Amino acid sequence: MAALAGLLRRKPRETPIVPRSSISATALTAVVAIMTFLASLTTGAVVLVKGAASDWQADVAREVTIQVRPMAGRDLEVDVVRAVDIARAAPGVTAVRAQDKAESARLLEPWLGSGLSLDSLPVPRLIVVETASGRPPDLAALKARLAAEVAGATLDDHRGFTRRLRAMADTVVAIGLAILALVTAATVLSVAFATRGAMATNRPTVEVLHFIGAKDAYVAGQFMRHFLFLGLQGGAIGGGAAVLLFLILGLIGGRLFGLGGADAAAMFGGLSLGIGGYLVLLVQVVLVGAVTAFTSRRVVAATLRQVR
């Protein structure tokens, strides 16, 4: 008797208007998972390119290059030593290193091949100058002094390369944002069609609820919770797959690129998103669920106004 009384006092479990497991729900979950996966790949690529570009710009901004060309009637080695002394004397310079003939030859190997004697070629010598980040040197004064005291010496501060690198990064970010906008639009349309289909399937139930006094907010809330669950489930599947892919790429690094692995790792930071990148992907999964729920509620509210 006590058990029967407990069952009678127990609050009946509320049955949702829209069944949680159905063919349409499974299809929508798959669509949201695919869209989230594509959006996460795009976001991860943007984070990688943006981070690599920032690192490259920071490295380039801390270095300038002096090029000393061979001149007729002048000793190249003496000119290189003089250029090094001038650079070291400039305020804001932290380190100066002149490349030797072997390093210059290695720089030309991709174009001229290895084992080539460069003694008869007018190969310039490069001097790498590292500058202080907080107190950069007066490059105009340094350039003028080099031109006056060392014939054939030129100073390159890599401004053109930095501008091109920044333009490339901005272009990649703009393309990524455009792709994200298209994926979001496709997700919204998919959720809208799925919500209208669910409303049409459960129209008799909705009409009965209206007849017994249920408010539009209650009906819209039921649909919103249903599609929020589907959106979070699909987003977690798609976002989790993207995170797993980036983790694998981060572990294997440049080995995917064969002989160019070291250069690829230097260019893209080892294909690792870092903690910040993975947090962005997690936030994106939550946003997918929120967009799904919001779209469903708006469609249900608009449909209910037409029904009345």
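Residues numbered from 1 in each chain as written. Predicted model: local features only at pLDDT ≥ 70, side-chain atom pairs only at ≥ 80, totals over all residues. Heavy atoms only, no water.

Going by what an unreviewed UniProt entry lists, the protein chain is known as ABC transporter permease and is assigned to Rhodoplanes elegans.

Observations concerning the nonpolar core
Counting residues in each nonpolar core, the largest one holds 20 residues, and the members touching the most others are I66, V68, I127, V129 and L146. Taken together, the elements giving at least two residues each to this core come down to strand 1 (63-68), helix 3 (76-89), strand 2 (93-98), strand 3 (125-131), helix 5 (139-149) and strand 4 (153-156). Of the residues forming this core, the biggest block, 6 residues, is contributed by helix 3. Sequence-distant contacts of L146, that is, excluding residues within four places in its chain, are made with I66, A83, I86, A153 and L155. By size, the runner-up hydrophobic cluster in this structure holds 14 residues, among which are V191, L209, A220 and L230. (Core = buried A, V, L, I, M, F, W, Y, C linked by side-chain atoms within 4.5 Å. Buried < 20%, exposed > 50% of the residue type's maximum accessible area, 1.4 Å probe, protein only. Helix = DSSP H or I, 4+ residues; strand = E, 2+ residues; numbered from the N terminus. Contact = heavy atoms within 4.5 Å.)

A look at the pattern of salt bridges
The tally for this structure, following the rule as stated, stands at 4 salt bridges. The salt bridge involving D170 is made with K50; its shortest N-O contact spans 3.5 Å. Here D170 is found in helix 6 (residues 159-201), whereas its partner K50 is found in helix 2 (residues 23-61), with 120 residues between them in sequence. The salt bridge partner of E149 is R145, with a shortest N-O separation of 3.0 Å. Separated by 4 residues within a single helix, E149 and R145 lie in helix 5, roughly one turn from each other. Residues joined by salt bridges that share partners form a network here, namely R82, R145 and E149. (Salt bridge = Lys/Arg side-chain N within 4 Å of Asp/Glu carboxyl O.)

Side note on the sheet that holds strand 4
The strand order across the open sheet formed by 4 strands is 2-3-1-4, and the pairing between neighbours is antiparallel. Every interior strand has two partners, whereas the edge strands, strand 2 and strand 4, have only one. Each strand of the sheet is rotated relative to its neighbour by a mean of 20 degrees, with strand direction disregarded. Where helix 3 meets the sheet, it contacts strand 1, strand 2 and strand 3, and its direction lies at approximately 10 degrees from that of strand 3. With respect to the sheet, helix 5 is in contact with strand 1 and strand 4, its orientation differing from that of strand 4 by roughly 165 degrees. (Pairing = 2+ DSSP bridges. Axes fitted to C-alpha atoms, helices over the stretch in contact; angles between N-to-C directions.)

Looking at the confidence of the model for the protein chain
Scored by pLDDT, the protein chain has a mean of 77; 79% of the residues are at 70 or more. Counted against residues more than four places away or in other chains, residues 1-13, with its pLDDT under 50, gives 0 contacts. For residues 257-265, every residue scores under 50 in pLDDT, and the model assigns this stretch 5 contacts once sequence neighbours within four places are set aside. (pLDDT = per-residue confidence, 0-100.)

A short note on the side chain of T131
Residue position: T131 is located in strand 3. When its relative accessible area of 8% is taken as the criterion, T131 is described as buried. Dropping the residues within four chain positions of it, T131 is found in contact with A61, R62, E63, V64, G92, V93, T94 and P137.

Details of the UniProt feature "transmembrane region" (unreviewed entry) in the protein chain
The positions that UniProt labels "transmembrane region" (unreviewed entry) are, in the present scheme, residues 21-49, 172-194, 227-252 and 264-288. The annotated region residues 172-194 carries 100% helix and 0% strand content, and the separation between its end C-alpha atoms amounts to 33 Å. Taken end to end, residues 227-252 has its terminal C-alpha atoms 37 Å apart, with 100% of it in helix and 0% in strand. (UniProt positions renumbered as here; feature names shortened; annotations may be inferred.)

Notes on the pairing of strand 1
Relative to strand 3, strand 1 runs antiparallel, the two being bridged by 6 bridges. The partner of T65 across the bridge, within strand 3, is V128.

Focus: the side chain of D79
Relative to the assigned elements, D79 resides in helix 3. Excluding anything up to four places from it in sequence, D79 contacts V68, R74, V150 and A151.

With respect to the packing of helix 3 against helix 5
It is at 10 Å that the axes of helix 3 and helix 5 come closest, and there the two elements cross at 155 degrees. Compared by their axis directions, helix 3 and helix 5 come out roughly antiparallel. In this structure, helix 3 crosses over helix 5, and the sense of that crossing is right-handed. Two secondary-structure elements touch here, helix 3 through R82, A83, I86, A87 and A89 and helix 5 through L142, R145, L146 and E149. Taken together, the residues of the contact of helix 3 with helix 5 break down into 6 nonpolar, no polar and 3 charged. (Parallel < 35°, antiparallel > 145°, perpendicular 65-115°, else oblique. Left-handed = near helix turned anticlockwise from the far one by under 90°. Nonpolar A, V, L, I, M, F, W, Y, C, P; charged D, E, K, R; others polar.)

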